[in-house]
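# Close look at the chain arrangement
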Amino acid sequence: MRDRLERIIKYINDAFQKDKGLWSHSVMDVLENVTSKEAVFKKENTHSIWEITNHLIFGKEYLLSILEEKDLPSEDDFKTPTDTSKEAWKNTVKRLEDTHNKLIEILKTKNDDDLDKNIGEYGTLEDNLYGIISHDCYHAGQIVFILQLMGIEL
């Protein structure tokens, strides 16, 4: 049986994929036209869009490492890029997309019973997946706010 899992996968994709969104813009909708220059914009005591994107990658890689039984990623998840070129930004966004897609592919091998298994410090697989949904929605909103600070409306 996969009814619960399929519904959760749908929500994960809605929060992330272009032209989707749950309650607002999806992650890929808000990143779609962001330039590398805009991605590094930062006000005092805030994170840049690029740092937030790295953090989103970290969150998905963290869950992937648990599901694949690999070493956890480093703790430097809000890392500031050293290469801020257009190509580096494009690669960062692609890495986010690739990581998301890899997570979805692994989830497609699971079933509803797997959702109830405790997988670590953040609870069951289901808890972790709803955490990913919330995480994507929260940071998509944060990115919208940063774009608004730059005078860019979506």
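Look above for the structure.
One structure accompanies this document, and this report is about it. (Residues numbered from 1 in each chain as written. Predicted model: local features only at pLDDT ≥ 70, side-chain atom pairs only at ≥ 80, totals over all residues. Heavy atoms only, no water.)

### A look at the packing of aromatic side chains
Quick reminder of the rule: Under the pairing criterion, centres of Phe, Tyr and Trp rings, with the six-membered ring standing for Trp, must be within 6.5 Å; the plane angle then separates stacked pairs below 30 degrees from edge-to-face pairs above 60, leaving the rest tilted. Put simply, DSSP H or I for four residues or longer makes a helix, DSSP E for two residues or longer makes a strand, and each gets a number counted from the N terminus. Burial classes follow relative accessibility: with a 1.4 Å probe on protein chains only, a residue under 20% of its type's maximum area counts as buried, one over 50% as exposed, and anything between as partly exposed.
Summed over the entire model, instances satisfying the criterion amount to three aromatic pairs. Ring plane angle 40° and centroid distance 6.0 Å describe the contact between F58 and Y62, whose orientation is recorded as tilted. Taken together, the positions of F58 and Y62, both in helix α4 (residues 49-67) and four residues apart, correspond to about one turn of that helix. When its relative accessible area of 14% is taken as the criterion, F58 is described as buried. According to the relative accessible area criterion, Y62 is buried, its value standing at 13%. Their ring planes at 70° and their centres at 6.0 Å tell us that Y62 and Y122 sit as a pair that is edge-to-face. Pair noted here: Y62 is in helix α4 and Y122 is in the loop between β1 (118-120) and β2 (123-124), with a separation of 60 residues, a long-range link.

### Quick notes on the packing of α4 against helix α5 (residues 86-107)
We apply this condition: The axes used here are C-alpha line fits, helices contributing only the stretch in contact, and every angle between their N-to-C directions lies in the interval 0 to 180 degrees. Oblique is the label for any angle not under 35 degrees, not over 145, and not in the 65 to 115 range, which are roughly parallel, roughly antiparallel and roughly perpendicular in turn. Two helices crossing with the near one rotated counterclockwise from the far one by less than a right angle form a left-handed crossing, whereas a clockwise rotation gives a right-handed crossing. Contacts: residue pairs with any heavy atoms within 4.5 Å of one another.
Relative orientation of the contacting elements α4 and α5 amounts to 25°, with a least axis distance of 10 Å. It follows that α4 is roughly parallel to α5 by the angle criterion. The hand of the α4/α5 crossing is left-handed. Between α4, through I49, W50, T53, N54, L56, I57, K60, E61, L63, L64 and L67, and α5, the contact on the second element is made entirely by A88, W89, T92, R95, L96, T99, H100, K102, L103, I106 and L107.

### A closer look at the environment of K20
Mapped onto the secondary structure, K20 falls in the loop between α1 (3-16) and α2 (27-31). As a C-alpha pair, K20 and E32 span twelve residues in sequence and 13 Å in three-dimensional space. Setting aside its immediate chain neighbours within four residues, K20 contacts N13, D14, S26 and D29.

### Some thoughts on the environment of R7
Tracing the backbone shows R7 in helix α1. The exposure class of R7 is partly exposed, given its relative accessible area of 40%. Considered as a pair, R7 and A39 are 32 residues apart in the sequence and their alpha carbons are 32 Å apart.

### A look at the pattern of salt bridges
Quick note on the threshold: Here a salt bridge means any side-chain nitrogen of Lys or Arg lying within 4 Å of a carboxyl oxygen belonging to Asp or Glu.
Across all of its chains, the model carries 13 salt bridges by this definition. When the shortest N-O distance is used, the salt bridge between E51 and K42 registers 2.9 Å. When the shortest N-O distance is used, the salt bridge between D114 and K117 registers 2.8 Å. Taking the relative accessible area as the measure of exposure, D114 reaches 14% and is therefore buried. Taking relative accessible area as the criterion, K117 reaches 47% and is therefore assigned partly exposed. Here the salt bridges do not stand alone but share partners, grouping R4, D116 and E126 into one network.

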